[in-house]
Amino acid sequence: MSTAPTPSDAAVPTVAELEEQERRLVFRRFTHDDAWALGSLLVELAREREAPVAVDIHRAGQQLFHAALPGSTPDNDAWIARKRRVVERYGSASYLVGSRFRAKGTTFEESSRLDAGTYAAHGGSFPITVAGVGVVGAVTVSGLPQVEDHRLVVEALERFLGE
């Protein structure tokens, strides 16, 4: 039996670690071509893992990339929309927003006063932040446990940005 930690076994990131990811993972610019390249990288990583995910990239209200891999379902698209709305509303990763509520001893669903059918502070949506501009969009994955969705997006961003 393997004793190597898997992503689901690894420690859940702290609020400080999640905030540090957002400070670090910033673009100089973000074009349609960047969306295609980042989305394609995410699809490649997901295929390597045989991950049943959907991938989505939005910028300024426009969908620039979408892919649904084998095993994903229409429910993943609904989760993508709900997680992306959290990024658009709070300007932070959906997992970070949920983690901030949990750190206060509550949940997003209990305390945000937002409709849970419209917003989901679950891992997998990360802000696309452009230096000197701010948050311009979101890259989102759905189909894995929330911490693994988040980690997949962060891994792709780190590779894309050369981190």
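Going by what an unreviewed UniProt entry lists, the protein chain is known as UPF0303 protein ACIQFM_18270 and is assigned to Streptomyces ardesiacus. Taken from UniProt, the Sequence similarities (unreviewed entry) comment for the protein chain reads in full: "Belongs to the UPF0303 family."

Caption draft 1: The pattern of salt bridges, seen in detail. Summed over the entire model, instances satisfying the criterion amount to 8 salt bridges. Notably, a salt bridge pairs glutamate 158 with arginine 24, separated by 2.9 Å at the nearest N-O pair. Of this pair, glutamate 158 sits in helix α6 (residues 146-161) while arginine 24 sits in helix α1 (residues 15-24); the two residues are 134 residues apart in sequence, bridging distant segments of the chain. When its relative accessible area of 23% is taken as the criterion, glutamate 158 is described as partly exposed. Through salt bridges that share partners, Glu20, Arg24 and Glu158 make up one connected network.

Caption draft 2: Inspection of the pairing of strand β1 (residues 54-59) at higher detail. The buried count for β1 comes to 6 of 6 residues, which makes it a mostly enclosed element. With burial as the criterion, each face of β1 is covered, one bearing Ala54, Asp56 and His58 and the other bearing Val55, Ile57 and Arg59. Sheet analysis places β1 next to strand β2 (residues 62-68), joined by 6 bridges and oriented antiparallel. Residue pairing across strands places alanine 54 opposite alanine 68, the latter belonging to β2. A loop of 2 residues connects β1 with β2, the two strands running antiparallel in sequence, and alanine 60 in this loop sits at a positive phi of about 50 degrees. In terms of strand pairing, β1 meets strand β4 (residues 134-142) through 6 bridges, oriented antiparallel. Across the sheet, the residue bridging to histidine 58 is alanine 138, located in β4.

Criteria and thresholds
Residues numbered from 1 in each chain as written. Predicted model: local features only at pLDDT ≥ 70, side-chain atom pairs only at ≥ 80, totals over all residues. Heavy atoms only, no water. UniProt positions renumbered as here; feature names shortened; annotations may be inferred. Salt bridge = Lys/Arg side-chain N within 4 Å of Asp/Glu carboxyl O. Helix = DSSP H or I, 4+ residues; strand = E, 2+ residues; numbered from the N terminus. Buried < 20%, exposed > 50% of the residue type's maximum accessible area, 1.4 Å probe, protein only. Pairing = 2+ DSSP bridges.

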